[in-house]
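Chain residues, written in single-letter form:
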Amino acid sequence: MSSTIAPVKPSGTAGPKEVELVLVKEQNGVQFTSSALVSPSGQTHPSGEERETWGKKIDFLLSVIGFAVDLANVWRFPYLCYKNGGGAFLVPYLFFMVIAGMPLFYMELALGQYNREGAAGVWKICPLFKGVGFTVILISLYVGFYYNVIIAWALFYLFSSFSGELPWIHCNNTWNSPNCSDLNSTLLNDTYKTTPALEYFERGVLHLHESSGIDDLGLPRWQLTSCLAVVIVVLYFSLWKGVKTSGKVVWITATMPYVVLTVLLLRGVTLPGAIDGIKAYLSVDFLRLCDAQVWIEAATQICFSLGVGFGVLIAFSSYNKFSNNCYRDAIITSSINSLTSFFSGFVIFSFLGYMSHKHNVALDKVATDGPGLVFIIYPEAIATLPGSSVWAVIFFIMLLTLGIDSAVSLRILSDLISNTRGGIYVFTLLDHFAAGTSILFGVLIEAIGVDRFSDDIQEMIGQRPGLYWRLCWKFVSPCFLLFMVVVSFATFNPPKYGSYYFPAWATMLGWCLSISSMIMVPLYAFYKFCSLPGSFCDVSISYLSICKMNQVKSH
């Protein structure tokens, strides 16, 4: 066993200092590292290479807000809030936001900024947990399998909106079935009738009637594939010069949704029945808090809303200046995200109340889950307004900006599967398994693997995190996440789309997809144990020591 320490040049300037990791000793094949303070060298990557940084601080903030505020804020949060007891859903949502959402959001921003690495490279602080980096990368990959498809649908609807009469108003189109009935009738009371908006989405856009199930996908539709290609091109040119380009794009994509939501809300609250919809949105049914599914959906929505567990926050913050106040950024962006979700609920339910009033049916007969709320109910409501084509263009531009902000990867071949005539079944399966239990598991391992990095934060921003943050990182968040992972397994419900129930093999395939990301944590740990000489106990002690030495810096 040998010990060497590299010489350190004295720092002659004040300000934040960087930490240089140097080899101290080697035992059982494991290199132990220590740290030394070196003079700041701008924004130098740990490898010694210059690292690109955001052009302006506001570019980073808008990028994080744009990623976190996505389509889930527009349709998923309002629906879950209504489905799970209205205002009562806000209880677990806000509870999880305080004990897990904001602390984990802060943790990921600090991790990326301090280590100047992406989701996988950041785990040099504890190599045994590097598998969680691959877990979050796979989760992001799987979500991307279908997320870009939503943007392609929105683009298709946007093109269709540039017409004198919207194509989902009447039943005289080639794709309509004999069951179609015009908007002006009270058809929602008749289970055998369908709306033009429903048939336009399922038959005109998706051609779902040509598929018998997930085992009958067919070929990709060229119209949707063309829209997907346009989306890919837009994403490419938004990112082709790195953060310098994307930082400018988000000035439009991150701010446009707020303008559109405000305009739609001002219009929505003037419609008859809108107040009833808002009352239903805010109504409180505390008995629903006894249902475990309410708490699971609130916890999952926190991860979706804030974007923790996808690795993107770590990557974004890795381009920050070392002394950037990531604590302030975490408070600002996570608060804006939650307020946006709450605000979008007023927009959505003002229109749902209007639809309920127009068709003289209960509100629960109008609201639907998933893409149905955005691509069926909302277009149907917009179609009844004066100047409907203009409102449709505005709405789908908003969807495009929300989607492009959060589409962080390009996977066109996998997206094509969801553009087939049975693609909605693939979409539903991926939406159910890609980032449900797996994302809770990934964030759980992140919380466990990161420990005692308060000194790192103090080095960056000049102050240690308060007791609240340290308790959440150390005890509260890991315990909460472990409980939610167990409960999500115990209360699993098979996926379905409308009246279609997925076959057993499809559900098993979904579980394989989910497990394939989670299993990266034990697989990588097993690989590291097997690749080093020595007994299991020796290697375990060595890895625990290196984690502690890398996380607790001796200044």
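Predicted model only: the values in this text are computed from it and were never measured. (Residues numbered from 1 in each chain as written. Predicted model: local features only at pLDDT ≥ 70, side-chain atom pairs only at ≥ 80, totals over all residues. Heavy atoms only, no water.)

A.B. asks: Can you break down the overall build of the chain residue by residue, with the values?
C.D. replies: Of the regular secondary structure elements, the chain holds 22 helices and four strands. When the 555 residues of the chain are sorted by exposure, 58% land in the buried category. Excluding contacts between residues fewer than 6 apart, the proportion of contacts in the chain whose partners are at least 24 apart in sequence is 80%. For the chain, the exposed surface amounts to about 22,700 Å²; the carbon and sulfur share of it is 66%. (Helix = DSSP H or I, 4+ residues; strand = E, 2+ residues; numbered from the N terminus. Buried < 20%, exposed > 50% of the residue type's maximum accessible area, 1.4 Å probe, protein only. Contact = heavy atoms within 4.5 Å. Areas by Shrake-Rupley, 256 points an atom, 1.4 Å probe, with all protein chains shown as cover.)

A.B. asks: Quick rundown of the nonpolar core? Include the residues and the values.
C.D. replies: Core analysis: the biggest nonpolar cluster contains 158 residues, and Trp-153, Trp-168, Phe-310, Phe-375, Phe-395, Phe-396 and Leu-399 have the highest contact counts within it. The greatest single-element share of this core, amounting to 18 residues, is contributed by helix α4 (residues 131–161). In this structure, Phe-375 is in contact with Ile-150, Trp-153, Ala-154, Tyr-157, Ala-197, Phe-201, Phe-396 and Leu-399, ignoring residues within four places of it in sequence. (Core = buried A, V, L, I, M, F, W, Y, C linked by side-chain atoms within 4.5 Å.)

A.B. asks: Just give me the short version of the state of the cysteines, but keep the residues and values in it.
C.D. replies: Here the structure, examined in full by the defined rule, presents one disulfide. At a sulfur-sulfur separation of 2.0 Å, the disulfide partner of Cys-171 is Cys-180. Taking the sign of the S-S torsion, about -70 degrees here, the bridge from Cys-171 to Cys-180 comes out left-handed. For Cys-180, a relative accessible area of 11% gives the class buried. (Disulfide = S-S within 2.5 Å.)

A.B. asks: An account of helix α18 (residues 454–461) is requested, with residue identities and associated values reported.
C.D. replies: The α-helix winds at 3.6 residues per turn, so residues separated by three or four positions along the chain end up facing the same way. Across the eight residues that make up α18, a large majority, six, are buried. Directly beyond the C-terminal end of α18, a positive phi value near 90 degrees is found at Gly-462.

A.B. asks: Before we move on, can you summarise a nonpolar patch on the surface with the specific residues and values?
C.D. replies: Among the surface-exposed residues, Leu-467, Leu-471, Phe-475 and Val-476 lie close enough to one another that they form a single nonpolar patch of about 360 Å² accessible area. Topologically, Val-476 is positioned in helix α19 (residues 467–490). Using a relative accessible area of 33% as the deciding quantity, one classes Val-476 as partly exposed. (Patch = residues over 30% accessible without salt bridge, like charges linked within 9 Å, V, L, I, M, F, W, Y side chains within 5 Å. Salt bridge = Lys/Arg side-chain N within 4 Å of Asp/Glu carboxyl O.)

A.B. asks: Give me the lowdown on empty space enclosed by the protein, citing residues and values where you can.
C.D. replies: Over the atoms rolls a probe the size of a water molecule, and its path tells where empty space is left. Scanning the entire structure with this criterion turns up two cavities of 30 Å³ or more. There is about 50 Å³ of room inside the largest cavity. Contributing to the lining of the largest cavity are Phe-96, Ala-100, Gly-101, Leu-104, Ala-299, Ile-302, Cys-303, Val-308, Leu-440, Phe-480 and Leu-481. When contributions to the lining of the largest cavity are tallied by element, the ones reaching two or more residues are α3 (90–115), α10 (292–306) and α19. Broken down by element, the residue count for the lining of the largest cavity peaks at four residues, all from α3. In terms of residue class, the lining of the largest cavity is built from ten nonpolar, one polar and no charged. (1 Å grid on protein atoms, 1.4 Å probe; cavity = no way out; pocket = protein on both sides within 12 Å on 5 of 7 lines; lining within 4 Å. Points joined across faces, edges and corners; volume = space filled by probe spheres on them. Nonpolar A, V, L, I, M, F, W, Y, C, P; charged D, E, K, R; others polar.)

A.B. asks: Lay out the packing of aromatic side chains in plain terms, naming residues and giving numbers.
C.D. replies: Throughout the structure, instances matching the rule amount to 45 aromatic pairs. Ring centres of Tyr-281 and Phe-342 lie 6.0 Å apart, and the angle between their planes is 35 degrees; on these two criteria the pair is classed as tilted. Here Tyr-281, found in helix α9 (residues 274–282), pairs with Phe-342, found in helix α12 (residues 326–359); they are 61 residues apart in sequence, far enough to count as distant. (Phe/Tyr/Trp six-rings, centres within 6.5 Å; stacked < 30°, edge-to-face > 60°.)

A.B. asks: Break down the environment of Thr-507 for me, with residues and values.
C.D. replies: Note that Thr-507 resides in helix α20 (residues 504–518). Separated by 75 residues in the primary sequence, Thr-507 and His-432 place their C-alpha atoms 9.7 Å from one another. Among all residues touching Thr-507, those that are not within four sequence positions of it are Phe-433, Phe-492, Pro-495 and Phe-502.

A.B. asks: How would you sum up the UniProt feature "binding site: Na(+)" (unreviewed entry) in the chain? Please name residues and give values.
C.D. replies: Listed under "binding site: Na(+)" (unreviewed entry) in the UniProt record, and renumbered for this structure, are Gly-66, Ala-68, Val-69, Asn-73, Ser-305, Asn-337, Leu-402, Asp-405 and Ser-406. With sequence-adjacent residues up to four places away left out, Ala-68 is seen in contact with Asn-73, Phe-304, Ser-305, Leu-306 and Asn-337. Among the structural elements, Asn-337 can be located in helix α12. With sequence-adjacent residues up to four places away left out, Asn-337 is seen in contact with Ala-68, Val-69, Asn-73, Tyr-93, Ser-305 and Leu-306. At 2.7 Å, the side chain of Asn-337 and the backbone oxygen of Ser-305 are in polar contact. (UniProt positions renumbered as here; feature names shortened; annotations may be inferred. Polar contact = N/O pair within 3.5 Å; in protein donor to acceptor, adjacent residues only side chain to side chain.)

A.B. asks: Which residues make up the side chain of Ser-344, and what values do they have?
C.D. replies: Locating Ser-344 in the fold gives a position in helix α12. A relative accessible area of 1% means that Ser-344 is categorised as buried. Of the polar contacts made by the side chain of Ser-344, one reaches the backbone oxygen of Ser-341; its length is 2.8 Å. Each residue touching Ser-344, except ones within four places of it in the same chain, is listed here: Asn-73, Val-74, Pro-78 and Leu-261.

A.B. asks: Can you explain unusual backbone geometry? Please cite residues and give values.
C.D. replies: Most peptide bonds take the trans form, and the phi angle of most residues other than glycine is negative. Its identity is not glycine, yet Arg-116 carries a phi of approximately 55 degrees, on the positive side. Mapped onto the secondary structure, Arg-116 falls in the loop between α3 and α4. With a phi close to 60 degrees, His-207 is a non-glycine residue in the positive phi region.

A.B. asks: Help me get a handle on the packing of α3 against α19, residues and values and all.
C.D. replies: Relative orientation of the contacting elements α3 and α19 amounts to 115 degrees, with a least axis distance of 9 Å. When the interaxial angle is binned, α3 and α19 end up roughly perpendicular. The chirality of how α3 crosses α19 is left-handed. Here Phe-96, Val-98, Ile-99, Ala-100, Met-102, Pro-103, Leu-104, Tyr-106 and Met-107 of α3 lie close against α19, whose contacting residues are Tyr-468, Trp-469, Cys-472, Trp-473, Val-476, Ser-477, Phe-480, Leu-481 and Met-484. Of the residues contributing to the contact of α3 with α19, the split by class is 17 nonpolar, one polar and no charged. (Axes fitted to C-alpha atoms, helices over the stretch in contact; angles between N-to-C directions. Parallel < 35°, antiparallel > 145°, perpendicular 65-115°, else oblique. Left-handed = near helix turned anticlockwise from the far one by under 90°.)

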